[in-house]
Structure formats: structure tokens, C-alpha cells
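# Secondary and tertiary structure notes
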Amino acid sequence: MLVIDDLRARVEGKDILNGVDLVVPTGEVHALMGPNGSGKSTLSYVLSGREGYEVTGGTATFDGVDLLSIPPEERAAAGLFLAFQYPVELPGVGNANFLRTALNAVRRQRGEPELDAVRFLKLARAATKRLSMSDEMLKRNVNVGFSGGEKKRNEVLQMGILQPKLAILDETDSGLDIDALKIVSEGVNALRGPDFSALVITHYQRLLDYIVPDRVHVLVRGRIVRSGGPELARELETTGYAAAEAEAA
Amino acid sequence: MPAVPQTLDTVQSVTQSGYKWGFSTDIDMEIAPKGLSEDTIRLISARKEEPEWLLEWRLQAFAAWRQMAEPHWGKLHYAPIDYQDIHYYAAPKRSAGPHNLDEVDPALLATYEKLGIPLKERAILAGVQGTEAAEEERQQVAVDAVFDSVSVATTFRESLAKAGVIFCPISAAVREYPELVRSYLGSVVPQGDNFFAALNSAVFTDGSFVFVPKGVRCPMELSTYFRINARNSGQFERTLIIAEDGATVSYLEGCTAPQRDENQLHAAVVELVALEGAFIKYSTVQNWYPGDAEGRGGIYNFVTKRGECRGARSRISWTQVETGSAITWKYPSCILRGDGSVGEFYSVAVTTNRQQADTGTKMIHLGANTSSTIISKGISAGHSNNTYRGLVRVGPRARGARNHTECDSLLIGEHCGAHTVPYIESRNPTARLEHEATTSKIAEDQLFYCRQRGLSEEDAVGLIVNGFCKDVLKELPMEFAVEAQKLLALSLEGSVG
Ligand SMILES: Nc1ncnc2c1ncn2[C@@H]1O[C@H](COP(=O)(O)OP(=O)(O)O)[C@@H](O)[C@H]1O
Ligand SMILES: [Mg+2]
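Residues numbered from 1 in each chain as written. Chains lettered and ligands numbered in written order. Predicted model: local features only at pLDDT ≥ 70, side-chain atom pairs only at ≥ 80, totals over all residues. Heavy atoms only, no water.

### Things to note about the overall build of chain A
Regarding its fold elements, chain A presents 10 helices and 10 strands. Radius of gyration (C-alpha) of chain A: 18 Å, near the 18 Å computed for a compact globule of 249 residues. With respect to the principal axes defined by its C-alpha atoms, chain A has extents near 55 × 40 × 35 Å. Taken across its 249 residues, chain A has 53% of its residues classed as buried. Long-range contacts, defined here as pairs at least 24 residues apart, represent 69% of the contacts in chain A between residues at least 6 apart. In the structure as shown, chain A presents an accessible area of about 10400 Å², 49% of it carried by carbon and sulfur atoms. Within chain A, the 34 negative side-chain charges are centred at a point lying 5 Å from the centre of the 29 positive side-chain charges. (Helix = DSSP H or I, 4+ residues; strand = E, 2+ residues; numbered from the N terminus. Rg over C-alpha atoms; globule rule 2.2 N^0.38 Å. Buried < 20%, exposed > 50% of the residue type's maximum accessible area, 1.4 Å probe, protein only. Contact = heavy atoms within 4.5 Å. Areas by Shrake-Rupley, 256 points an atom, 1.4 Å probe, with all protein chains shown as cover. Lys, Arg positive; Asp, Glu negative; His and termini not counted. Charge placed at Lys NZ, Arg CZ, Asp CG, Glu CD.)

Here is the structure:
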């Protein structure tokens, strides 16, 4: 279970998160919506431990682990995965090599045996197949020369291979056509189960048609201003964030 | 092969901090008094039972050296070297032919063990009789180990001989193949070529000799391990590789040294000769002791490496991964004399702490339609300085000469320097020369991306750096590539954050 309590954070001297309260119980998928600049990405970076995002108050725990006190790689080992809004290119680093290194790093931290190249490749091929991707994806360098859509699908592929317990997807659906959107949704739905939770950051109801959230939250100026069921997303689709913003003011 | 992955694993488990190869070995040594004079040279020559012509050759080199000044055009700063304060000859004492491992100096065996050379291989290296035949089937790499000044042993001489390939210590070649040595020694790097080459020519003690006759493809990788062990001793090895018409050979060298507070001088010379249609691939993983974080100690590496593509359509390819040494002064070069000959230089140079590297290549296009490729990857961290210095020269007869140069620098941290000094001289208007250069940093978002996926910061740096060097690493023979990758990651340990 992810428990965020009165979380406050500052970037470059500017307060961005102003007391976020949010609980995502194990087994649930929650959507996080809100206007541009409201702090959604900031929240995802603070939870995953990016440098330069200074926590000024509050707590965040996952399954009882104090996330804010451990380095990013240990948060990953604890089961946290972030699908980046802007996936990063790693020139010369093969996707398969990157994924195997990551998977084995996580397995090592958890005291699990590492996978050799053959067993890893089997697992990776199964994951690409599940996501209707070609194996070519594994041979290319991480995100280098990928189209926007390919980058997003690569994030979902990584998620499928690393099998996190908590996934944060930061606008993974932005800029995707409907087929890609379905693939991304299938990637999340395939992981859905009693031991998996997710926080899906999105602007669009159409994603939530495929990934039906248990709860929907609206972030405005660094605070959750409204929470509700799936119908809240549909309402926001027609009314926009104006009402929510007014409430927050 | 011996220097394979086990090397690093073994060595890593031996010591957990600093330079992983920093052990020294307590071995019964014969050491010449310090200092350089004609007497020193006569002593070396006598110890090696050399013919008169070679002694004369050395003395000529010494005479030339005395007229020369140490070069200071490199971007390198170091305290003056006292050439009289160095031992020019240090050799492990060894009576010929121990019969089993128990008779071998245990300290010598321990050294091989720390270097990760498998036991059977060690038996061969230590000269235990009868081990070679048994191993012949499985091993594909022949090894020559040079310990301080002396080649300790060369493996697989017999099986190579069947293919007609000669691979032996150069001192043995002087005795057994004097005509070959005499006709090629100094034919690419003459005695008076430069200050350090002249010094080497005067005092060289050992090194490898390779001869691949016409039409022969050498059936296995050849490799040499260089290790400096003795205190205050210099190492001056000399390597000579000849590939006759249509011959092919791939040769690897690896180097380590103990951790010492004082600087040690290493001045090697490597000469390659490729005749018509021959191909020589020369790979180096250089990991001499680099000195500590404050810049104390470390090897001064002043090396002259040059290959001549003497015949038409011959090809020489240099690949180097340089992570060690306090000072590196090294420009593996190709003289492209034969028409249509090809020269290649692939380099990764890593500097951390206070290391200084001034390295690059020279491609001298003399023949028509000669082509060369230069790919240089410099990685600087800490307070280090890393300079690429390269010359592409096209002579008047080199119609249609082509060169492609790519120099990429990667900076880690705020206090290091990267410099690119390309010289281009073209005296033929038909030449096509391209030069590209980039400088970049490991971006914060790349590191964070990797760490979010579970990699430690150091593993992330290793991965990104290996990606940066991929175009060079893929040129290494497979077994070396794995080791080189780990070495890169290890040498940058602690330089981030
Ligand atoms: N690295 C940064 N440097 C400066 N300002 C930043 C940085 N990251 C985010 N911000 C600021 O924080 C606010 C919230 O940004 P962000 O979390 O990206 O919003 P969202 O993802 O909801 O669109 C914005 O005003 C943005 O300009
Ligand atoms: Mg955002």
C-alpha cells in the first residue's frame, strides 16, 4: 500500500507540492489528473527519488518502507517503477542489456538469483509478444531514435519485464494513437492483481476506458483537491479543471 | 583465455579497495645496479647472451639517446625523471625447467593466480614440463608472460610451430632466428626515432616476437602479459610482429603493476610489419597502476607503437583500452605505404584522479588509395586531463587517400579536462578527410533513469560509459571485450557523486 501524508516538496527554491495526501491500497489502480504544471510529474519524481526535488515535509511509505529515506535504486528494488513522461536515451546501450542489468540489479537487491542471458531473453521475448512488439525493440539502443510512441511502449515493456509492485505511469498515453493506447492499457491490465497497484497520471478519459481506475484524484497547485470514482474522470472530461481549480483557490 | 572474466573476479576478491592489481610479489630477483651507461647495456646484452651486432645496435641507440632531449610537447606535467635512478634490469631467478607445480616459486604462482590466469595455464607459464600437450586441445590463446624485464614463459610454441607461426620472447628470437630479427628490428621504429624509443633500443630486455609466414592465418589469439613488479625498476619491452604476404594475426597485450608510492618508468616499443595483403590486429588493455587520488605514484607510460603497411592491400588495426598509468604518452601509428592499405585506430582512454593521458595516433598516407579510420573515446573524471592528439598526413603520391576521424570526449565532474588536438596535413588534392568531434557529460537524467530501474549509481555510470565506448569495444576480441567492460566500470568507481 502506498501512503502519502502531507507531502511537501520544492524545486529550485519553488514550492511545488503543498501537502499531498493520497492512499493507494494494494491491488488498486488510481488515476491522477490535473492541469499542466500542477505538480503531477514532480510527485512521481519525489516518490522515485530524483535529485533536485527537495522534500520539505510529510511522509511517503510503500508497504511500510519509508521511500523518502532510501536511494532511487532501493525504491526500485522495493517494487516501485516509474514510466517516464519523457523517456531518456542511452546511446550505445542495448535495450536487452539494459533490461537484464536492471532486472538482475533488482533481483540481487532482493536476494534473488540473477538470470543468465538465455533465460532473460526467453522472459523478454515473452513480454514483447504479450505487448505485440517485435523483438527488434530489444536489439536497439535504449530509446535512441525511437518515435514518441515507441518510447512509451518501451516503458511499458520495461514494466512488463521488471514486474513492479507499484507502477507510476506519467502520461504514458499522451501522443499515442488508439492502437498504441490499447497496447499500453494491456500492459497495465496484465499486471493487475491483488499484489499490484498503480498510479496512472493522465489527461484523458479514453485511457481510463481501457484501464478502469478504482479511484480518481485531481491535483491542483500541489494538493489533491478532489477524489472520486471513475465517474469523476468523465465529469472532468466535459467540465475541465476550472471548477476544481476554483475550489482549490 | 587467461585474462578473461576470471581475472577481474579473482582480483576483485583479492582486494576490495583502490587499484585491484596493486599487489607485489616477493620473488628471488636478480637486479642490475641503478643507472644507465654503456656498462649497463653491456651487462644486459651479456645476460641475454646476445650476438655482437645487437650489442652494437644498442650502443648506437644509446649514443643517439644521449644527444636527445626528453620531449615536452605533450599536455603532460610531471617531475623530472632521473634516468640514473632506475634499475634497467630485473629478472626473477629461475633454474631451467621445474617438473611440477610444487617446484615453482610459490610467489610466482600466486602472482598468476591473482592475475586470474587459470592453474593449468599457470603451469605452462611457469615452465612445467609436459603440460602443454595436455592442454593443446582446449585452449585457444597462446600466452607470453613478461615479468619485469624477462619473458617468463611462452605457451603453445609447439602447436604454433606446426602452423609455421613463431611466437616467442624476443630474446629467444634473437638466438633462434637472428636473420629475421636483424632484418626487421628497427625497420619501423629506428633506434633514434625519438627519445623514449632510443632509450628502449638501448636497454630493452624482453618482449614478444611474432612471425606469421606467407599465407598463414594464425590459428589462435596470441597474447602477452606485462607485469612490472620490482621497485625502482623500469620496464622496456620490445615487441616485433611480422605478417608476411596474405598472413593474418591477432595479438593482445595486458599490463598491470603493483601499487607503489614512487613513479615507475615504462618505455616500450612495438613494431608491426604487414606485407602484401596481410592483416595485423593489435589490441591492448593497459591497466598499469595509475597512482593514488593525490597523484602519488603510478606508471609513467612512454610508448612508441608503430605499424607499417609495407605491402599493397595490407591492413593494421590498433585497438586500445587505456585505463591505467599516471602519465600516458602513446600514439600507435600506421605508415600506409602499400597501395590500397588500411590503417585503423580504435581507442578508449580513461583518466581519473590526477591521471594525465596524451594519446592518439598518426596515419601517414604514402600509397595511393590508402584509407584510415580513427575512433577515439576519451573519458575524464576527477582532476584528470585527457588529450587526443592525432596526425593525418597525406603525401603527394597518395591519390584518393581517405580518412575518417571521430573524437568523442565524455566528462564526469567539474574538475577534469578534455582536449582534442588534430593535425591534418594534405599534400594531395584528391584526398578526402573527415573529422568529427563531440564533448558531452553524463546527464543527470540518464543516471536517474538507470537508478530508477534499479541500477546503483556506479553500475549506471559503467553502463553509460560502456555505451559511449561501444564502437571501440566491439573491435576487441570477445574475451577481452568482457574484461575491458568491467575494467572501465571499475576504474571509474567512486568518481561520480
Ligand atoms: N526541474 C525543474 N526546474 C524548475 N522548475 C520545475 C522543474 N520541474 C518542475 N518544475 C516546475 O514545477 C511545476 C510543476 O511541474 P510538473 O510537476 O512537471 O507538473 P505537471 O506534471 O503536473 O505538468 C511547474 O511550474 C514546473 O515549471
Ligand atoms: Mg508532467
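Picking up after the structure, the text goes on.
### A word on the coordination of the magnesium ion (ligand 2)
Here the magnesium ion (ligand 2) is held by the protein donor atoms S41 of chain A (OG) and Q85 of chain A (OE1), which lie 2.1 to 2.3 Å from it. Taken together, the residues span a long stretch of sequence, with S41 of chain A in helix α1 (residues 40-48) and Q85 of chain A in the loop between β6 (80-83) and α3 (95-109) at a distance of 44 residues. (Donors = N, O, S within 2.8 Å, 3.2 Å for Na, K, Ca; no water.)

### As for the site of ligand 1
Residue and element names in this part refer to chain A. Around ligand 1 sit 13 residues in total, of which G37, G39, K40, S41 and T42 are the nearest. A distance of 3.2 Å is found between an oxygen atom of ligand 1 and a side-chain nitrogen or oxygen belonging to K14. In this structure, S41 approaches ligand 1 through a main-chain N or O atom, which is 2.9 Å from an oxygen atom. Secondary-structure elements contributing two or more residues to the shell around ligand 1 are β2 (14-24) and α1. Per element, the largest residue contribution to the shell around ligand 1 is three residues, and it comes from α1. Partitioning the shell around ligand 1 into residue classes produces four nonpolar, six polar and three charged. (Near = heavy atom within 4 Å. Polar contact = N/O pair within 3.5 Å; in protein donor to acceptor, adjacent residues only side chain to side chain. Nonpolar A, V, L, I, M, F, W, Y, C, P; charged D, E, K, R; others polar.)

### Quick look at the sheet that holds strand β1 (residues 2-11) of chain A
Residues and elements named next belong to chain A. Taken in spatial order, the four strands line up as β2-β1-β4-β5 in an open sheet, and their pairing is antiparallel. Single-partner strands in this sheet number two, and they are β2 and β5 (65-66). In the sheet, β1 pairs with β2 via eight bridges, with the strands oriented antiparallel. Bridging from a neighbouring strand, V11 pairs with K14 of β2. (Pairing = 2+ DSSP bridges.)

### Notes on the sheet that holds strand β8 (residues 197-201) of chain A
All names here are of chain A. Read from one edge of the open sheet, six strands run β6-β7-β8-β3-β9-β10, paired in mixed fashion. Unpaired on one side and paired on the other, β6 and β10 (223-228) mark the two borders of the sheet. In this sheet, adjacent strand axes meet at a mean angle of 20° when their direction is disregarded. The pairing of β6 with strand β7 (residues 166-170) spans four bridges and is parallel. The residue bridging L82 from the neighbouring strand is I168, located in β7. Its contacts with the sheet place helix α6 (residues 148-162) against β6 and β7, and it is angled at close to 165° to β6. (Axes fitted to C-alpha atoms, helices over the stretch in contact; angles between N-to-C directions.)

### Some details on the pairing of strand β4 (residues 53-62) of chain A
Residues and elements named next belong to chain A. Bridging between β1 and β4 involves eight bridges; their strand directions are antiparallel. Looking at the pairing, V3 lines up with T61 of β4. Linking β4 back to β5 in an antiparallel pair, the connection comprises two residues, with D63 at a positive phi of about 45°.

### Structural notes on the packing of helix α3 (residues 52-66) of chain B against helix α10 (residues 195-203) of chain B
Residue and element names in this part refer to chain B. Packing of α3 against α10 brings their axes to within 7 Å, and their N-to-C directions diverge by 145°. In the crossing of α3 with α10, the sense of the turn from one axis to the other is left-handed. Residues W57, R58, A61, F62 and W65 of α3 pack against F195, A198, L199, S201, A202 and V203 of α10. (Left-handed = near helix turned anticlockwise from the far one by under 90°.)

### Examining the side chain of N301 of chain B
Residues and elements named next belong to chain B. Within the secondary structure, N301 sits in strand β13 (residues 298-309). Of the residues examined, N301 reaches a relative accessible area of 1% and is grouped as buried. When residues no more than four places from it in sequence are discounted, the contact partners of N301 are H266, Q286, W288, E322, S325, I327, T328 and W329.

### Quick look at the interface of chain A and chain B
Counting residues at the interface gives 34 residues for chain A and 19 residues for chain B. Taken together, both faces of the contact between chain A and chain B bury some 2100 Å²; the carbon and sulfur share is 60%. Among the residues chain A hides against chain B, the three largest losses belong to R50, E73 and V88 of chain A. Together they make up 25% of the total. The tally of links between chain A and chain B comes to four salt bridges. Its salt-bridge partner being R453 of chain B, residue E155 of chain A comes within 2.6 Å of it at the nearest N-O pair. Counting across the interface, chain A meets chain B through 14 residue pairs in polar contact (both at pLDDT 80 or more). Contributions of two or more residues to the side of chain A that touches chain B are made by α1, α2 (72-77), β6, α3 and α6 of chain A. Ranked by the residues each element gives to the side of chain A that touches chain B, the list is headed by α3 of chain A, at eight residues. (Buried area = accessible area lost by both parts, 1.4 Å probe. Salt bridge = Lys/Arg side-chain N within 4 Å of Asp/Glu carboxyl O.)

### So, the confidence of the model for chain B
All names here are of chain B. Considering every residue of chain B, the mean pLDDT works out to 83; 78% of them sit at 70 or more. Here residues 1-17 is a poorly scored stretch, pLDDT under 50, and it has 46 contacts once near neighbours within four places are set aside; other chains count. This model gives residues 95-101 a pLDDT under 50, and the stretch forms 15 contacts once residues within four places in sequence are excluded. In the predicted complex, the global pTM is 0.83; the interface-specific ipTM is 0.97. (pLDDT = per-residue confidence, 0-100.)

### Quick look at helix α2 (residues 38-47) of chain B
Residue and element names in this part refer to chain B. For α2, the set of buried residues is T40, I41, I44 and S45. Down the axis, α2 shows its buried residues gathered within 130° of arc, on one side only. Exposed side of α2, more than 90 degrees from the buried face: D39 and A46 are the residues found there. Where α2 is buried, its residues touch α3 and α10. Positive phi appears at E49, one or two residues downstream of α2, with a value of about 50°. (Arc of directions from axis to C-beta.)

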